[in-house]
Amino acid sequence: MKNAFVRCFHAPSAGNSARANVCTKASRRHWASGAWMNGRAAAWLVVLAAAFHGSAAGAVSSNVGSTSEVLLVLNARDSSIKKYDGGTGAFLGNFVAPGSGGLQSPSLLIVGPDGNVYVSDCSTGGVKRYAGSTGAYMGDFVPPGSGICNGLAFGPDGNLYAASGSFSYSTPTGISRYNGSTGASMGVFVPAGSGGLDYPNNLVFGPDGRLYVADVGTYSSGAYTNNRAIRRYNGTTGAFVDTFAPISASDDPTSLKFGPDKNLYVALFYGHRIERYNGATGADMGAFVPSGTGGLDWDVDIAFGPDGNLYESERYGPSVKRFNGATGAYLGDFVASGSGGLGEAIGIAWMPTGQTWTQLAPTGGPPPARSAHSAILDAATSQMLVFGGSGAPD
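What you are looking at is a predicted structure, and each value in this text was computed from that prediction instead of being measured.

A. Quick peek at the confidence of the model for the protein. On average, residues of the protein carry a pLDDT of 80, and 69% of them reach 70 or more. In this model, residues 1-65 is a region of pLDDT below 50 whose contacts with residues beyond four sequence positions or in other chains number 151 contacts.

Next up, the structure:
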């Protein structure tokens, strides 16, 4: 799978220089590391200059830079993380070996802004961190005994937000915040009971910067409380905003993700379907993937892939199914049942693995000769600035 690094180009001003905004914050580390400046820089700069200067330059291919991704699948059966090819779904090996770092009862995983992998462990109540490049155990990011059992999310402020909980689901819990660099506790962000919060199962920050929480309710006397909902909180203060969408007592919201269309998609474990909600109003838009579609049954986690399609982990399948990101149509099992020893797929995440560069191919005649091409990183805006140099005016 590939994600284009180049997001947009700015038209040059008349005169002796051109500027192109050619990378996003996500690719800044790659540009700044010098990996791009590897002898191909001069050729790239000349081609970029050709794209912006000279009426005869013609059209330029937009295929500039891309990054490959792999799919990580958290396997509860042996407490491992398995890695699959992002294009074919083929098994590539164990990314995290079974039980690495004392992993015992993993719940969910995410890829952090530092490129490392974070896993909540219900048996210890902490968060373990693994190197994004190798899968090696890096230590407990949040120490055992912190009461963490469920969803994790890095916020716009770069800090880690974690849903507290336990195996029993018997006691109302809240959401805590941890320093995104050190893992140090920053206190309770959303207390238990705020806005009716009973038992947060998963969480995600929305396009509006607010925190959306899947509340499954507490369990007692052989049944869950009829208090299930998607609740919304201020992303800065943690203050309750509203109940964004009610959830039926017979359903169980285990995962929630905003799609490319900015609507909210929710995996309903006991509902055996993926529901879609209007991202602005919370109105129920119906089942995006109805129960049984392509064998969908025990959907515990969902994630949109770099291709724009929706991927779902079947806990007891165990497999990863792929659905059309626009229509919900079944596209096949991306990871076959049991592939690589997959026994209980409970969490999925896409992870970038490397960069691939493709030479631009301008058409038409060459532009007037220019000189002194250069590129610098504008750290203030997280942009790469490419200067076309000086020479004949456009």
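B. Region of the structure containing the pattern of salt bridges. Taken as a whole and judged by the stated rule, the model has 15 salt bridges. Here R77 ties to E344 by a salt bridge, and the two come within 3.6 Å at their closest N and O atoms. Of this pair, R77 sits in the loop between strand 3 (65-75) and strand 4 (80-85) while E344 sits in the loop between strand 27 (330-335) and strand 28 (345-357), and the two are 267 residues apart along the sequence. Of the charged contacts in the structure, one is a salt bridge between E344 and R315, with a shortest N-O distance of 2.6 Å. Remark: R315 occurs in the loop between strand 25 (310-314) and strand 26 (319-323) and E344 occurs in the loop between strand 27 and strand 28; sequence separation between them is 29 residues. The class for E344 is buried, based on a relative accessible area of 12%. Look at the salt bridges and you will find they share partners, linking R77, R315 and E344 into a network.

C. A look at the environment of G126. Mapping G126 onto the fold places it in strand 8 (residues 126-130). Residue G126 is classed as buried on the basis of its relative accessible area, which comes to 1%. For the pair formed by G126 and L103, sequence separation is 23 residues and the distance between their alpha carbons is 10.0 Å. Residues within four places of G126 in sequence aside, it is in contact with V119, S120, D121, V142, P143, P144 and I148.

D. Fine view of the sheet that holds strand 21 (residues 264-268). Reading across the sheet, the 4 strands line up as 20-21-22-23 and stay open at both edges, with antiparallel pairing between neighbours. With partners counted over all chains shown, the strands left at the sheet margins are strand 20 (253-258) and strand 23 (284-289), one partner each. Pairwise comparison of adjacent strand axes, ignoring direction, gives a mean angle of 25° for this sheet.

E. Structural view of the nonpolar core. Core analysis: the biggest nonpolar cluster contains 16 residues, and L72, I81, F95, L109, V117 and V119 have the highest contact counts within it. Counting residues per element, the ones that place at least two in this core are strand 3, strand 5 (91-96), strand 7 (117-121) and strand 28. Counting residues in each nonpolar core, the second largest holds 13 residues, with Y212, A214, I247 and L268 among its members.

F. Representation of the state of the cysteines in the model. Counting across every chain of the model gives 1 disulfide. With a sulfur-sulfur separation of 1.9 Å, C122 is cross-linked through a disulfide to C149. Looking along the S-S bond of the C122-C149 disulfide, the torsion reads about 95°, which is the right-handed sense. Placement of C122 in the loop between strand 7 and strand 8 and of C149 in strand 10 (residues 148-154) is noted, with a sequence separation of 27 residues between them. Both residues of the pair, C122 and C149, count as buried.

G. Structural detail: the pairing of strand 27. Here strand 26 runs beside strand 27; their pairing, made up of 4 bridges, is antiparallel. Along strand 27, the bridge assignment pairs V320 with V335. Here strand 26 folds back onto strand 27 in antiparallel fashion, the turn holding 6 residues, of which G328 has a positive phi close to 85°.

H. Representation of the side chain of R276 within the structure. Considering the arrangement of structural elements, one finds R276 in strand 22 (residues 273-277). Side-chain polar atoms of R276 contact the side chain of Y265, separated by 3.4 Å. Apart from residues no more than four positions distant in its own chain, R276 is found in contact with D261, N263, L264, Y265, A283, D284, M285, G286, F288 and A326.

I. Expanded view of the sheet that holds strand 18 (residues 229-233). In space, the 4 strands of this open sheet follow the order 14-15-18-19, with antiparallel pairing throughout. Each end of this open sheet is capped by a strand with a single partner; those strands are strand 14 (200-205) and strand 19 (240-246). If you compare each strand with its neighbour and ignore which way they point, the axes differ by 25° on average. With 5 bridges connecting them, strand 14 and strand 15 (residues 211-215) associate as antiparallel partners. Across the sheet, the residue bridging to N202 is A214, located in strand 15.

What counts, and at which threshold
- Residues numbered from 1 in each chain as written.
- Predicted model: local features only at pLDDT ≥ 70, side-chain atom pairs only at ≥ 80, totals over all residues.
- Heavy atoms only, no water.
- pLDDT = per-residue confidence, 0-100.
- Contact = heavy atoms within 4.5 Å.
- Salt bridge = Lys/Arg side-chain N within 4 Å of Asp/Glu carboxyl O.
- Helix = DSSP H or I, 4+ residues; strand = E, 2+ residues; numbered from the N terminus.
- Buried < 20%, exposed > 50% of the residue type's maximum accessible area, 1.4 Å probe, protein only.
- Pairing = 2+ DSSP bridges.
- Axes fitted to C-alpha atoms, helices over the stretch in contact; angles between N-to-C directions.
- Core = buried A, V, L, I, M, F, W, Y, C linked by side-chain atoms within 4.5 Å.
- Disulfide = S-S within 2.5 Å.
- Polar contact = N/O pair within 3.5 Å; in protein donor to acceptor, adjacent residues only side chain to side chain.

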